[in-house]
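Working through the structure, step by step
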Amino acid sequence: MDFKIGNGYDVHALAPGLPMWLCGVQIPSDKGFVAHSDGDVAIHALCDAILGALALGDIGHLFPDTDPAWKGIDSKILLRKVVSLMTERGYRIGNADITIALQAPKLAPHILRMRETLAPILGVGTDCVSVKATTTEHLGFVGRGEGCSVQASVLLAAR
């Protein structure tokens, strides 16, 4: 079998009064992500993981923030486009693993919905999509509530 592994990483700043989208789910919060798109930092990291496995660059190369076409776009649309590129090249998702570092709000009540949102876009069951949340124990920009960082890994298998 032919396998490819990809790793993605993304960071977004937090600011008051903006929506917070993670893994395609809007999270109740008084702060949200500063971004050109909807700011879904988790989906952006996941896109980068898939693109990295395929050696196709990164999300900024494919969907540059200088292009008004992507202004405010739902990141699930970007993920669907990346999954389409993956499928065209003869691959499918084996599994995806996402780790979100965010001091607040707590994400545990939203994780199942995140997995259920991503799984059909990726073409897999929820048992193939892992979403984990952690804090940084008040250390660094995440711990000070200034931003969020996400790491994502994927295993792609040939169809």
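Higher on the page you've got the structure.
Residues numbered from 1 in each chain as written. Predicted model: local features only at pLDDT ≥ 70, side-chain atom pairs only at ≥ 80, totals over all residues. Heavy atoms only, no water.

Turning to the pattern of salt bridges, a few remarks are in order. Pairing is possible between side chains that carry opposite charge, provided their charged atoms lie close to one another. Inspection of the entire model under this criterion finds four salt bridges. Measuring nitrogen to oxygen at the nearest pair gives 3.0 Å for the salt bridge that ties Asp74 to Lys76. Judged by relative accessible area, which is 15%, Lys76 ranks as buried. With a closest N to O distance of 2.4 Å, Asp97 and Lys132 form a salt bridge. (Salt bridge = Lys/Arg side-chain N within 4 Å of Asp/Glu carboxyl O. Buried < 20%, exposed > 50% of the residue type's maximum accessible area, 1.4 Å probe, protein only.)

Moving on, we come to the packing of helix α3 (residues 75-88) against helix α4 (residues 111-122). Contact pair α3 / α4: the axes reach a minimum separation of 9 Å and the direction vectors enclose 35°. For the element pair α3 and α4, the recorded crossing hand is right-handed. Side by side, α3 and α4 meet where Lys76, Leu79, Arg80 and Val83 of the first sit next to Thr117, Leu118, Ile121 and Leu122 of the second. For the contact of α3 with α4, the per-class residue count stands at five nonpolar, one polar and two charged. (Axes fitted to C-alpha atoms, helices over the stretch in contact; angles between N-to-C directions. Helix = DSSP H or I, 4+ residues; strand = E, 2+ residues; numbered from the N terminus. Left-handed = near helix turned anticlockwise from the far one by under 90°. Contact = heavy atoms within 4.5 Å. Nonpolar A, V, L, I, M, F, W, Y, C, P; charged D, E, K, R; others polar.)

For residues other than glycine, phi is negative in most cases, and the peptide bonds are mostly trans. The omega torsion of the bond from Ala104 to Pro105 falls at 5°, within 30 degrees of zero and hence cis. With respect to the element layout, Pro105 can be found in the loop between β5 (91-101) and α4. Here the phi dihedral of Glu137 falls at roughly 55°; this positive angle occurs in a residue that is not glycine. Along the chain, the position of Glu137 falls in the loop between β6 (129-134) and α5 (140-143). For Glu137, a relative accessible area of 62% puts it in the exposed group. If you check the backbone angles, His138 has positive phi at about 65° while not being a glycine. Relative to the helices and strands, His138 resides in the loop between β6 and α5. On the accessibility criterion, His138 (58% relative accessible area) is exposed.

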